[in-house]
Every structure is written in structure tokens, then in C-alpha cells.
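Survey of secondary and tertiary structure
The chain contents come next:
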Amino acid sequence: MDRGKATAIGFSAVALWSLLAVFTVASAPVPPFLLTALTFAIGGGVGLIWLAARGGLGALRDVPIGAYAFGTAGLFGYHFLYFSALRMAPAAEAGLICYLWPLFIVLGSGLLPGESLKTGHVAGALLAFAGAALIVAGGIGAVSGALAGYGVAFLAALTWAAYSLGSRRLQGVPTGAVAVNCLLTAALSALAHLGLEATAWPQGATGWVAVLALGLGPVGLAFYTWDVGVKGGDIQLLGTASYAAPLLSTLALVVAGMAQASLSLAVAAVLITGGAALAARAGTRITRRRAG
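Keep in mind the model is a prediction, meaning the values are calculated, not measured.

1. Details of unusual backbone geometry
With an omega dihedral of 15°, the bond running from A28 to P29 counts as a cis peptide bond. In this structure, P29 sits in the loop between α2 (20-26) and α3 (32-54).

What follows is the structure, encoded as C-alpha cells:
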């Protein structure tokens, strides 16, 4: 697969992830570990069915154990933190902080061997963190436990950036391995749920549809297309496209009636998105100079 096509496939993950917050909130009161187990079981199961239909199950035996461990740690860690953040803090604000991960990807790629960190990267980081600070300042005293939720959201952003950058080094691992990572994540989440949480199932048809939608889209197909993109596509261009996710996610929450539109929320979204775009522009200039 050529670089351009892989990048285009990776773009679809961003569109799917913009619906993650909406479906997560709609799935309440399902606790985080149980929600992770249910959605990853759906995503992994569908992936295995797809592989079986294409005769690709045999290739999974050749994947190193370390690759499975890395993928599972990234998927399990990020989504547990993400789901927890949306339970502990206002969904729109927590979602925006979680979406600092595109910025961290740009910053991290600039520090990889052969890359360099430019002024635009640092300026973009400061601008985006200003947006995150505005969110936190606006939430102080408004929601009990919100600050802890914001901290969890920040850790989620770091986790997904590390997973995405690390996947770039695993280009020899087939995308089908994501199905195994999903199922392993589901198993770990189920064990954690049994030991740490009280069971609470989705409420009515809306709740179950939200869980199914999560497993098929944001916690399913999106992982496979993102894996194709970060391994074979332009990771800086994918990072740039990912900066649309905070605005799309927040807009989806507002339209669904799960969050209220406000001036501070709009300013924070612009700061985070603008800072990330500034950092991406700096990285793009480096790439163009090298190509020239």
C-alpha cells in the first residue's frame, strides 16, 4: 500500500473518534472496565471474523509476544483512562484534554532519531496547554472531583501518543494483530471489572445501541484504520488531521444535548486546536525541507 492511501485510511479513524465521547456518555451508567470489556470484545470479534473470511488468521501466529503486549497495554491503558475521565469530569472539558494527544504525537515525532524540535513545536505546546489550563480553571468548584478527572484525561493523552509513536516502529506487524490486542484488552477489562466494580448494565435500547456503536466504530474499525495510517502513512499529516477531533467531539456533545455551549469552552477549543496546528506546521516545514 502506498503512503498516500495509508494516510487517507488513517484519516477515517479521526472521524470515528469524534463520536467517542457521545457514545460513552450515552452508555452510562456502565462502569469504565465493563464498558471497555464490552466494546473491545465487539471490536476484536468483528476483526477476527474479517480475518477469517480473508484467510489471514495464520499470520497472527508469527507476531512477536512483545508486539501483542505493547498493543494491549496501549489500548487498555488509554481507553480505561479515557472512559474514567468522562465519568469523573464534564464530558466536553475532559474530552478536549484527552485530545491533547495529537500535539504530543507531533512533539514526540520531533524528538525521534533524525528529527528535530523547532520553535513552532514549543509555541504550539504552550498555546495548547493554555487551552487546557482554561478548561481546568473554569471547572474548579463547579463539579465535585473534576480536577481528578482532568488529570486522568491528561494521562490518557500521553498514553495514546506513546502508543501511536511506538506503533510506527512496528511496521512489520500486520494490522490484523489489532484484533488480538482488542480481545486481550477485553479480557483484562473483564477481570478488572469483576474485582473492582459493581455491575451496571446499559439503560434501555439507547444504552445498548451506544455500546454496540462504540464497539463497531470508535472502539473497533477506528483502531484498524489508525494502525494502517501510523505504520504506512504520513504520521505528521495524520497528526494534523487529528486536530479537528476536539472541535468535532465537542460539537457532537453539544448537538446531542450532553454538554452546554459556552464562550470559555469555545476559546479553549480554539487554543488547543490552534496550538496543535502550529506545532504541526513546524513539523511539515521540516519534512518539506528534507524532501527538497
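2. Quick notes on the side chain of K231
Within the secondary structure, K231 sits in helix α10 (residues 204-232). For K231, a relative accessible area of 11% puts it in the buried group. Within the local environment of K231, its side chain forms a polar contact with the backbone oxygen of L170, the two atoms lying 3.4 Å apart. When sequence neighbours within four positions are dropped, the list of residues in contact with K231 reads S167, R168, L170, Q171, V173 and P174.

3. A word on the pattern of salt bridges
By the definition in use, this model includes one salt bridge. Salt-bridge contacts for D227 lead to K231; the nearest nitrogen and oxygen are separated by 3.2 Å. With D227 and K231 both in helix α10 and four residues apart, the pair spans about one turn of that helix. Of the residues examined, D227 reaches a relative accessible area of 4% and is grouped as buried.

4. Looking at helix α1 (residues 3-17)
Relative to the 21 Å expected for 15 residues at 1.5 Å per residue, α1 spans 22 Å between its end C-alpha atoms, a close match to the ideal helical length. Turning to α1, its buried residues number three or more, namely A6, T7, G10, A13, V14 and W17. End-on view of α1: buried residues confined to an arc of 100°, all on one side of the axis. One side-chain oxygen of the residue at the start of α1 lies 2.7 Å from the amide nitrogen of K5, identifying that residue as D2.

Calculation notes
- Residues numbered from 1 in each chain as written.
- Predicted model: local features only at pLDDT ≥ 70, side-chain atom pairs only at ≥ 80, totals over all residues.
- Heavy atoms only, no water.
- Helix = DSSP H or I, 4+ residues; strand = E, 2+ residues; numbered from the N terminus.
- Buried < 20%, exposed > 50% of the residue type's maximum accessible area, 1.4 Å probe, protein only.
- Polar contact = N/O pair within 3.5 Å; in protein donor to acceptor, adjacent residues only side chain to side chain.
- Contact = heavy atoms within 4.5 Å.
- Salt bridge = Lys/Arg side-chain N within 4 Å of Asp/Glu carboxyl O.
- Expected span 1.5 Å × (residues − 1).
- Arc of directions from axis to C-beta.

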